[in-house]
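Tertiary structure, described
Each chain, written out:
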Amino acid sequence: MKVPLAFVAHTRSGDKGDTSNIGVIALKPEYYATILREVTPARVKDFFGDLVQGPVERFELPNLGAINLLLHHALGGGGTVSLRTDAQGKTYGAALLRMEIEI
Amino acid sequence: MIRIANGQGFWGDWLEAPVRLVDQGPIDFLVLDYLAEVTMSILQKQKQEDPALGYARDFPPLIGRLAKKLKDRGIKVVANAGGVNPAACAHAVLKAAPGLKVAVVHGDNVFERIDEFLAKGYEMRDMDTGHPLSSIRERILSANAYIGAFPLAEALDTGADIVVAGRSTDTALTLAPMVHRFGWQPDDWDKLAAGTIAGHIIECGAQCSGGNCQVDWEKIPNMSDVGYPIIEAEPDGSFVVTKHAGTGGRVHTDTVKEQLLYELGDPKNYITPDCIADFTTVRLSDIGPDRVGITGIRGGPRPETLKLSISYSDGWKAIGTLVYSWPGSVAKARAADRIVRERLVALGLTFDEIHTELFGLNACFGPLPNNATPPNIDPPELQLRIGVRGHDRKAVDRFTRELIPLVLNGPPGATGFGEGRPAVREIVAYWPALIPRHEIETRVEVIS
């Protein structure tokens with residue numbers, strides 16, 4: 001069955017320069033395996049399309065039931081250079097909650 | 001056990017937060033984080049115009065307001081409010097609170113030493129792009145080394161009531177009281193990592209105690225009196241995240257996990273001047289109402305380099321807006337955007353980037369591939385937001401005159417131009433680099 005990521009996770013996102021990071025946290029411990037399987041760097045890169053110009057990296061934090069995603073070259077230059085409303089990627093975590101996953 | 005509270009997550013955070021932390025319950029240390037990456041350049045400019053400025057000007061009046069309570073209850077304050085002029089900040093604090101002992105940490109500001117470093121052969125390459133610093137030498141606006149907790153702890157060791165630092169790391173503000181009170185050594189890597197992660201959790205103020213929390217956000221109580229976070233630190237490195245009883249907000253594993261992941265890179269290698277902390281070793285559990293217990297944190301040796309925070313001038317930008325109303329607000333805004341771009345071309349103006357958003361439709365993350373905007377959407381109103389940036393200030397200034405005329409000479413239904421033409425702002429860009437640790441010598445000065 002396909003559902004939005006919001007069914008199994010919550011997120012927080014922010015910036016480091018032109019890189020946005022998204023922490024994806026399982027709402028229940030048993031959802032972590034699903035997140036690991038479904039929220040791959042390739043899927044995330046595809047989901048954000050042109051918004052992410054560089055690669056997507058993923059780190060695992062099993063102790064928190066969480067993954068950390070780094071979206072490189074994703075903020076229009078980042079910081080004070082960027083002309084975007086969301087120059088710091090504050091809303092990228094919420095955006096990712098719309099990604100469809102299989103459960 | 002010592003209680004360390006954070007009452008300021010950035011310069012501009014809630015003015016009442018530090019006052020309420022003092023008034024609403026017991027704390028031993030109040031830490032205040034004022035500096036973002038770009039703040040230093042703003043302060044450097046203020047100092048160039050007036051040698052008595054260049055620090056967070058909210059800080060001295062705050063200490064004046066709290067002085068009697070701090071003294072009566074023995075609460076110590078650690079803040080990086082000093083910016084590029086910690087000594088001037090300290091003197092302003094003394095003026096506002098004459099009975100207090102103030103210690104200043106010097107040595108982070110290397111603005112005057114850049115040529116010395118270049119002459120020694122340090123290239124100070126941009127950690128993101130790899131370009132050498134020499135390529136922007138003439139445009140540098142500020143340069144500071146991130147310093148860690150030990151110089152701040154040394155300042156607390158003097159018996160100071162208030163410690164004023166410049167560019168210390170955010171996490172060092174929280175770790176320093178632990179080093180000071182528990183006597184932790186420079187190679188107690190696990191304990192230093194624990195204090196560093198405690199600092200990471202509270203460095204953004206209420207963002208770990210209910211603010212910006214996605215989980216059941218509508219049910220988080222009494223956010224108008226949100227309790228800012230408090231660390232109850234133990235000498236063995238374990239700690240509890242909590243807030244004062246009776247305050248609003250929430251401290252829960254959900255809120256703390258979100259903050260642990262905020263602005264995180266490689267979780268196994270969280271590099272600070274004090275240690276390398278491993279976020280994959282954090283064990284956390286809900287141990288009571290608004291109490292999260294944390295144990296198990298491991299760390300590794302500190303790096304032999306310190307990070308430099310360098311800012312430089314990188315051109316000019318301006319962002320302007322107009323509002324288009326129903327019917328056809330999307331089509332009207334898109335037409336107006338085309339007209340502006342054609343007029344800029346006709347004027348022979350070029351920019352590094354022209355960026356257009358239809359605010360209300362695609363500003364935050366745009367029509368994502370899997371969630372394309374419905375083709376027939378016709379919102380009651382839509383804000384057209386156009387930004388340009390470039391190195392020719394005159395071109396950017398000329399752009400700011402191209403929006404308001406559209407009210408009369410563009411598509412129908414434009415409004416919302418009341419603020420006039422947009423301001424041209426200098427782009428202050430950030431240049432992270434590394435320098436050998438031995439080049440940075442800190443010094444503590446007591447003023448009273």
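Let us look at the structure shown here.

About the cut-offs
- Residues numbered from 1 in each chain as written.
- Chains lettered and ligands numbered in written order.
- Predicted model: local features only at pLDDT ≥ 70, side-chain atom pairs only at ≥ 80, totals over all residues.
- Helix = DSSP H or I, 4+ residues; strand = E, 2+ residues; numbered from the N terminus.
- Rg over C-alpha atoms; globule rule 2.2 N^0.38 Å.
- Buried ≥ 20, exposed ≤ 12 C-beta atoms within 10 Å, placed from the backbone.
- Contact = placed C-beta atoms within 7 Å.
- Axes fitted to C-alpha atoms, helices over the stretch in contact; angles between N-to-C directions.
- Parallel < 35°, antiparallel > 145°, perpendicular 65-115°, else oblique.
- Left-handed = near helix turned anticlockwise from the far one by under 90°.
- Nonpolar A, V, L, I, M, F, W, Y, C, P; charged D, E, K, R; others polar.
- Pairing = 2+ DSSP bridges.
- Core = buried A, V, L, I, M, F, W, Y, C linked by C-beta atoms within 7 Å.
- Expected span 1.5 Å × (residues − 1).

1. With respect to the overall build of chain B
Per the secondary structure count, chain B includes 12 helices and 19 strands. Its C-alpha atoms give chain B a radius of gyration of 25 Å, within 12% of the compact-globule value 22 Å for 448 residues. The 448 residues of chain B split such that 49% are buried. Taking the intrachain contacts of chain B between residues at least 6 apart in sequence as the baseline, contacts between residues at least 24 apart amount to 76%.

2. Focus on the overall build of chain A
Counting its secondary structure elements, chain A contains 3 helices and 6 strands. For chain A, the succession of helices and strands along the chain, N to C, is β-β-β-α-α-β-β-α-β. For chain A, the C-alpha radius of gyration of 13 Å lies close to 13 Å, the compact-globule estimate for 103 residues. For chain A, the spread of C-alpha atoms along the principal axes amounts to about 40 × 25 × 20 Å. Relative to its 103 residues, chain A shows a buried fraction of 53%. A fraction of 57% describes how many contacts in chain A between residues 6 or more apart in sequence connect residues 24 or more apart.

3. Some details on the packing of helix H3 (residues 59-73) of chain B against helix H4 (residues 86-96) of chain B
Residue and element names in this part refer to chain B. As a packed pair, H3 and H4 sit with axes 8 Å apart at the nearest point and diverge in direction by 30°. Here H3 lies roughly parallel to H4, going by the angle between them. In terms of crossing hand, the pair formed by H3 and H4 is right-handed. On H4, the residues that touch Phe59, Pro60, Pro61, Ile63 and Gly64 of H3 are Cys89, Ala92, Val93 and Ala96. Across the contact of H3 with H4, the residue classes break down as 8 nonpolar, 1 polar and no charged.

4. Observations concerning the sheet that holds strand S2 (residues 9-16) of chain A
All names here are of chain A. Pairing is antiparallel across the open sheet formed by 4 strands, whose spatial order is S2-S3-S5-S4. Since the sheet does not close on itself, it has two edges, and those belong to S2 and strand S4 (56-61), each with one partner. Strand-to-strand twist of the sheet, defined as the mean angle between neighbouring strand axes without regard to direction, takes the value 20°. As judged from the 6 bridges shared by S4 and strand S5 (residues 66-71), these two strands associate in the antiparallel manner. Following the sheet pairing, glutamate 57 is matched in S5 by leucine 70. In this fold helix H2 (residues 41-48) packs onto S4 and S5, with an angle of close to 130° to the strand it touches most, S4.

5. What about the nonpolar core?
Within the largest apolar cluster, 146 residues are counted, with the highest numbers of intra-cluster contacts made by Val24 of chain A together with Phe59, Val93, Leu152, Val163, Val164 and Ala176 of chain B. Ranked by residue count, the leading element in this core is helix H8 (residues 189-202) of chain B, at 8 residues. One finds Tyr324, Ala333, Ile386 and Leu406 of chain B within the second-largest nonpolar core, a separate group that totals 13 residues.

6. Looking at the environment of threonine 281 of chain B
As for its position among the elements, threonine 281 of chain B is in the loop between strand S10 (276-278) and strand S11 (283-288). Sequence separation between threonine 281 of chain B and arginine 298 of chain B is 17 residues, and the spatial gap between their C-alpha atoms is 6.0 Å. With sequence-adjacent residues up to four places away left out, threonine 281 of chain B is seen in contact with Asn63 of chain A together with Gly296, Ile297 and Arg298 of chain B.

7. Focus on the interface of chain A and chain B
Facing 35 residues of chain A, the contacting portion of chain B comprises 43 residues. Where the side of chain A that touches chain B is concerned, the elements lending two or more residues are S2, strand S3 (19-26), H2, S4, S5 and helix H3 (92-96) of chain A. For the side of chain A that touches chain B, the element with the most residues is S2 of chain A, which contributes 6 residues. Across the side of chain A that touches chain B, the residue classes tally to 14 nonpolar, 14 polar and 7 charged.

8. Description of the sheet that holds strand S2 (residues 29-32) of chain B
All names here are of chain B. Overall, mixed pairing links the 10 strands, which are arranged S11-S12-S8-S7-S1-S2-S3-S6-S4-S19 in an open sheet. The sheet is open, and its two edges are formed by S11 and strand S19 (443-447), each paired on a single side. Shown here is a sheet whose adjacent strand axes are inclined to one another by a mean of 20°, direction ignored. Bridge count for strand S7 (residues 230-233) against strand S8 (residues 239-242) is 4 bridges, and the pairing is antiparallel.

9. So, unusual backbone geometry
Residues and elements named next belong to chain B. Residue tryptophan 326 is joined to proline 327 through a cis peptide bond whose omega torsion reads 0°. Positioned with a positive phi, asparagine 212 is a non-glycine residue whose angle comes to about 55°. Of note, asparagine 212 is situated in the loop between H8 and S7. Unusually for a residue other than glycine, glutamate 263 sits at a positive phi of about 50°. Note that glutamate 263 resides in the loop between helix H9 (253-260) and strand S9 (270-271).

10. As for H3 of chain B
Given 3.6 residues per helical turn, the α-helix brings residues three or four places apart onto the same face. Residues and elements named next belong to chain B. Taking 1.5 Å of rise per residue, 15 residues should cover 21 Å, and H3 covers 20 Å from first to last C-alpha, within 8% of that figure. Every buried residue of H3 is accounted for by Phe59, Pro60, Leu62, Ile63, Leu66 and Leu70. On its buried face, H3 sits against helix H1 (16-23), strand S3 (76-79), H4 and strand S6 (162-164). Of the residues one or two after H3, glycine 74 is the one with positive phi, at around 70°.

11. Observations regarding the pairing of S3 of chain A
Residue and element names in this part refer to chain A. The buried count for S3 comes to 8 of 8 residues, which makes it a mostly enclosed element. The sheet contact formed by S2 and S3 spans 8 bridges and is antiparallel. Pairing of threonine 11 across the sheet is with valine 24, part of S3. If you look at the hairpin formed by S2 and S3, you'll find 2 residues sitting between the two strands, and glycine 17 has a positive phi there, around 65°. The pairing of S3 with S5 spans 6 bridges and is antiparallel.

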